[in-house]
Amino acid sequence: MKLGVLTGGGDCPGLNAVIRGVVRVAERQYGDEVVGFLDGWAGVLEDRTMTLDVEACRGLLPRGGSVLGMSRAQPFMYDDGPDRVRATLERHGIDGLISIGGEGTLSATSAMFEQGFSVIGVPKTIDNDVGSTEMTFGFETAVEIATEAIDRLHTTAESHDRVMVVEVMGRHAGHIATWAGIAGGATMTLVPEVPFDMADVCESLVRRHGRGRYASIVVVAEGAVPVEGTLDLVDRGIDVYGHKRLGGIAAVVADEIESRTGFETRVTILGYVQRGGTPTAFDRVLSTWFGVEAVHAAHDGDFGKMVALQNGEVVRVPLAEATAQLKLVNPALYDIAKVFFG
Ligand code: F6P
């Protein structure tokens, strides 16, 4: 077989480990050839490729980012997009295309399957919000990074009697915030799934500090939303792909805390630090397992599927099902975080 592989959307730790897994099993077990498309779907649309073989994958397992490059381009952004994709795949004789991406890339991949393309999805994103899989690779690494940052913020917060507001990624779902909030012992965690009221946040901090504690850590997901009409957020517009620009909510929350409570408050935005660098051991294993299983799926002719982690096993689920809705934070887990609020 001749397989294509692309990495779409925002990068995350473990992409190279998936690529390495794909290439290893494809070449050594099946005698396949693998073509890497550069910069996500853009590389397929514009026919930009690199050859991927076992030799080219040396040293890739621990390396962050993607050797293939990334973009948020999708075939359906152009009227002739699907035709251009078809032409490129035919030109290279590709029998199956493995598309590694988050919600946007995988939705496009699912739609391409509906149009007759032989595609398989692999779920990546530090946000962990792809449906039908218990975990996406990259998430655990991001949680580790955020937790370490929160641990460090505790000691400086305590030394200065400050409230620290930490902003983590999480556009539609607060998985990183909830996990890192619990793991880091946050005083409060604000997530997109549960609109927050500044009055409640401040009341809780005042109660805590009234009990003799003078330092607090408030974790806020970049996509957290206030209860309607309670707080104005700056609209930062949309990017070229139509995505709302996020980032900066921590500053608004911190200003409100300081002006309403008088507690000295500081802001830390973790940003892209959460996405860069080497994957954890867990993410290396999950990425490798996903990559290998994607190739097996291609050889079974099991197209239109996404590899997924379910009950400790890597299984295949229909792409249409996986992309039907985002996976939000389990309310039971958020309730655990709430036990430690205030
Ligand atoms: O990959 C998901 C994500 O990390 C979101 O949490 C974040 O909002 C977005 O990517 C930002 O990505 P970029 O600025 O690269 O478009």
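Residues numbered from 1 in each chain as written. Predicted model: local features only at pLDDT ≥ 70, side-chain atom pairs only at ≥ 80, totals over all residues. Heavy atoms only, no water.

**Points about the pattern of salt bridges**
Now for step 1: Under the definition given, this model contains 18 salt bridges.
Now for step 2: With a shortest N-O distance of 2.9 Å, Arg-48 and Glu-46 are connected by a salt bridge.
Now for step 3: Taking the relative accessible area as the measure of exposure, Arg-48 reaches 28% and is therefore partly exposed.
Now for step 4: Using a relative accessible area of 43% as the deciding quantity, one classes Glu-46 as partly exposed.
Now for step 5: A salt bridge links Arg-86 to Asp-83, with the shortest nitrogen-to-oxygen separation between them at 3.6 Å. Taken as a pair, Arg-86 and Asp-83 lie in helix α3 (residues 81-92) at a separation of three residues, close to a single helical turn. (Salt bridge = Lys/Arg side-chain N within 4 Å of Asp/Glu carboxyl O. Buried < 20%, exposed > 50% of the residue type's maximum accessible area, 1.4 Å probe, protein only. Helix = DSSP H or I, 4+ residues; strand = E, 2+ residues; numbered from the N terminus.)

**Focus: the nonpolar core**
Note on soluble globular proteins: their nonpolar side chains tend to be buried together.
Now for step 1: By size, the foremost hydrophobic cluster in this structure holds 57 residues, and its most contacted members are Ile-98, Ile-100, Val-122 and Phe-137.
Now for step 2: For this core, the element with the most residues is helix α5 (residues 139-160), which contributes eight residues.
Now for step 3: Both of domain 1 (2-138 + 279-322) and domain 2 (141-275) provide at least three residues apiece to this core.
Now for step 4: With 21 residues, the next largest nonpolar core counts Phe-37, Trp-41, Leu-89 and Ala-322 among its residues. (Core = buried A, V, L, I, M, F, W, Y, C linked by side-chain atoms within 4.5 Å. Domains from an automatic or database assignment.)

**Observations regarding the layout of surface pockets**
Now for step 1: Empty space within the largest pocket amounts to approximately 800 Å³.
Now for step 2: Around the largest pocket, the lining is made up of 36 residues, and of these Arg-72, Arg-171, Glu-222, His-243 and Arg-275 lie nearest the centre.
Now for step 3: Those elements giving two or more residues to the lining of the largest pocket turn out to be α4 (103-114) and β6 (163-168).
Now for step 4: Considering each element in turn, the lining of the largest pocket owes the most residues, four residues, to α4.
Now for step 5: Classifying every residue of the lining of the largest pocket gives eight nonpolar, 14 polar and 14 charged. (1 Å grid on protein atoms, 1.4 Å probe; cavity = no way out; pocket = protein on both sides within 12 Å on 5 of 7 lines; lining within 4 Å. Points joined across faces, edges and corners; volume = space filled by probe spheres on them. Nonpolar A, V, L, I, M, F, W, Y, C, P; charged D, E, K, R; others polar.)

**Regarding α5**
Now for step 1: The end-to-end C-alpha separation of α5 is 31 Å, in line with the 32 Å expected for 22 residues at 1.5 Å each.
Now for step 2: Regarding α5, the residues found buried are Phe-139, Thr-141, Ala-142, Val-143, Ala-146, Thr-147, Ala-149, Ile-150, Leu-153 and Ala-157.
Now for step 3: Along its buried surface, α5 packs onto β6, α6 (175-184), β8 (216-221), β9 (265-269) and α9 (281-299).
Now for step 4: Two residues or fewer after α5 comes Asp-161, characterised by a positive phi angle close to 55°. (Expected span 1.5 Å × (residues − 1). Contact = heavy atoms within 4.5 Å.)

**Observations concerning the site of the ligand**
Now for step 1: As a matter of local geometry, the ligand sits amid Arg-72, Ile-126, Asp-127, Met-169, Gly-170, Arg-171, Glu-222, Tyr-272 and Arg-275.
Now for step 2: Within the side chain of Asp-127, an N or O atom sits 2.9 Å from an oxygen atom of the ligand.
Now for step 3: Arg-275 is positioned with one of its side-chain polar atoms (N or O) 2.9 Å from an oxygen atom of the ligand.
Now for step 4: Here the ligand is seated within the largest pocket.
Now for step 5: In terms of residue class, the shell around the ligand is made up of three nonpolar, one polar and five charged. (Near = heavy atom within 4 Å. Polar contact = N/O pair within 3.5 Å; in protein donor to acceptor, adjacent residues only side chain to side chain. Sits in = over half its atoms within 2 Å of the grid points.)

**Brief notes about the environment of Glu-193**
Now for step 1: On the secondary structure map, Glu-193 appears in the loop between β7 (188-190) and α7 (198-210).
Now for step 2: Remark: the alpha-carbon pair of Glu-193 and His-175, spanning 18 residues in sequence, is separated by 9.9 Å.
Now for step 3: Sequence-distant contacts of Glu-193, defined by excluding residues within four places in its chain, comprise His-172, Ala-173, Gly-174, Leu-328 and Val-329.
Now for step 4: Among the polar contacts made by the side chain of Glu-193, one reaches the main-chain amide nitrogen of Gly-174 at a distance of 3.0 Å.

**Here we look at helix α1 (residues 15-30)**
Now for step 1: For α1, which comprises 16 residues, the first-to-last C-alpha distance of 22 Å matches the rise-based estimate of 22 Å (1.5 Å per residue) to within 8%.
Now for step 2: Along α1, the positions that sit buried rather than exposed are Leu-15, Asn-16, Ala-17, Val-18, Ile-19, Gly-21, Val-22, Val-23, Val-25 and Ala-26.
Now for step 3: Close packing links the buried residues of α1 with β1 (2-7), β2 (33-37), β3 (49-52), β4 (96-101), β5 (119-123) and α9.
Now for step 4: Just downstream of α1, Gly-31 is the residue with a positive phi angle, here 70°.

**Points about the domain arrangement of the protein**
Now for step 1: When cut into domains, the protein gives domain 1 (2-138 + 279-322) and domain 2 (141-275).
Now for step 2: Put simply, the middle of domain 1 and the middle of domain 2, counted by C-alpha atoms, are 33 Å apart.
Now for step 3: On the domain 2 side, the residues contacting the 18 residues of domain 1 number 15 residues.
Now for step 4: Between domain 1 and domain 2, roughly 1300 Å² of surface is buried when both sides are summed, and carbon and sulfur atoms account for 57% of that area.
Now for step 5: Together, Arg-72, Ile-126 and Asp-127 form the three largest contributors to the area buried by domain 1 at its contact with domain 2, with a combined 43%.
Now for step 6: Taken together, the links from domain 1 to domain 2 amount to one salt bridge. (Buried area = accessible area lost by both parts, 1.4 Å probe.)

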